[in-house]
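Each chain is listed here by its residues.
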Amino acid sequence: MIKDIIKIIDDVRAIDIVCYDMRGISPFYEQVVICSGKTERQTLAIMEHLKDYCHTNKIPVRVEGKESGKWVLVDMKEIVVNIFIPEEREYFQLEKLWLDVPMIDIEQYV
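Residues numbered from 1 in each chain as written. Predicted model: local features only at pLDDT ≥ 70, side-chain atom pairs only at ≥ 80, totals over all residues. Heavy atoms only, no water.

**Examining the pairing of strand β1 (residues 15-21)**
Stage number 1. In terms of burial, β1 is largely enclosed, as five of its seven residues are buried.
Stage number 2. In this structure, β1 lies alongside strand β2 (residues 31-36), joined through five bridges in antiparallel fashion. Across the sheet, residue V18 finds its bridge partner in β2, namely I34. (Buried < 20%, exposed > 50% of the residue type's maximum accessible area, 1.4 Å probe, protein only. Helix = DSSP H or I, 4+ residues; strand = E, 2+ residues; numbered from the N terminus. Pairing = 2+ DSSP bridges.)

In structure tokens:
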């Protein structure tokens, strides 16, 4: 599933995509993806593509933050995707939370 998620995000031209392997670290999800859209409109487009994928594949999905589009969280149970505009991503700096968490090499998926 992570391969499909990364491909969708890349196809919609998200920038600065990173993925963390949370297996054995978090009891709630297996991977965390962080990416940016250049604008709020693009973050919402990324979110919509992910929701469409989930509905097509009967994957439960919850979305938070779609009202503003500055930081949208897409929760697919096993995978959580954080989509930011660059200013919000810089402000919250989620990557600093997981400095010791192994990253997944996404180059194999794009």
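Back to the write-up after that little detour.
**Overview of the environment of I6**
Stage number 1. With respect to the element layout, I6 can be found in helix α1 (residues 2-11).
Stage number 2. Considered as a pair, I6 and K77 are 71 residues apart in the sequence and their alpha carbons are 16 Å apart.
Stage number 3. In contact with I6, other than residues within four places in its own chain, are I17, C19, V33, I106, Y109 and V110. (Contact = heavy atoms within 4.5 Å.)

**Considering the sheet that holds strand β5 (residues 79-84)**
Stage number 1. Spatial strand order, β1-β2-β5-β4-β3: five strands in an open sheet with mixed pairing. Looking at strand neighbours, the two that pair on one side only are β1 and β3 (62-64), the edges of this open sheet. If you compare each strand with its neighbour and ignore which way they point, the axes differ by 15° on average.
Stage number 2. Its contacts with the sheet put helix α2 (residues 40-56) on β2, β3, β4 (71-75) and β5, and the angle it makes with β5 is roughly 160°. (Axes fitted to C-alpha atoms, helices over the stretch in contact; angles between N-to-C directions.)

**Considering the environment of W71**
Stage number 1. One can find W71 in strand β4.
Stage number 2. When its relative accessible area of 26% is taken as the criterion, W71 is described as partly exposed.
Stage number 3. Linking W71 and V18, residues 53 residues apart in sequence, is a C-alpha distance of 15 Å.
Stage number 4. Discounting chain neighbours no more than four positions away, the residues touching W71 are E64, G65, N82, I83, F84, F92 and L94.
Stage number 5. Reaching out from W71, the side chain makes a polar contact with the side chain of N82 at a distance of 3.1 Å. (Polar contact = N/O pair within 3.5 Å; in protein donor to acceptor, adjacent residues only side chain to side chain.)

**Focus on the environment of K7**
Stage number 1. Turning to its location among the elements, K7 is positioned in helix α1.
Stage number 2. Residues K7 and M22 lie 15 residues apart in sequence; the distance between their C-alpha atoms is 19 Å.

**Some words on the packing of aromatic side chains**
Stage number 1. For the coordinates displayed, the defined rule picks out four aromatic pairs.
Stage number 2. Taking 5.6 Å as the distance between ring centres and 50° as the angle between the ring planes, the aromatic pair formed by Y20 and W98 counts as tilted. Residue Y20 is found in strand β1, and its partner W98 is found in the segment after α3 (86-92); the two are separated by 78 residues along the sequence. Comparing Y20 with W98, the two get one shared label, buried.
Stage number 3. Ring plane angle 90° and centroid distance 4.9 Å describe the contact between Y91 and F92, whose orientation is recorded as edge-to-face.
Stage number 4. By relative accessible area, Y91 is classed as exposed at 65%.
Stage number 5. A residue is classified by how much of its surface remains accessible, and F92, at 35% relative accessible area, is partly exposed.
Stage number 6. Among the aromatic residues, those joined into a cluster by ring pairs are W71, F84, Y91 and F92. (Phe/Tyr/Trp six-rings, centres within 6.5 Å; stacked < 30°, edge-to-face > 60°.)

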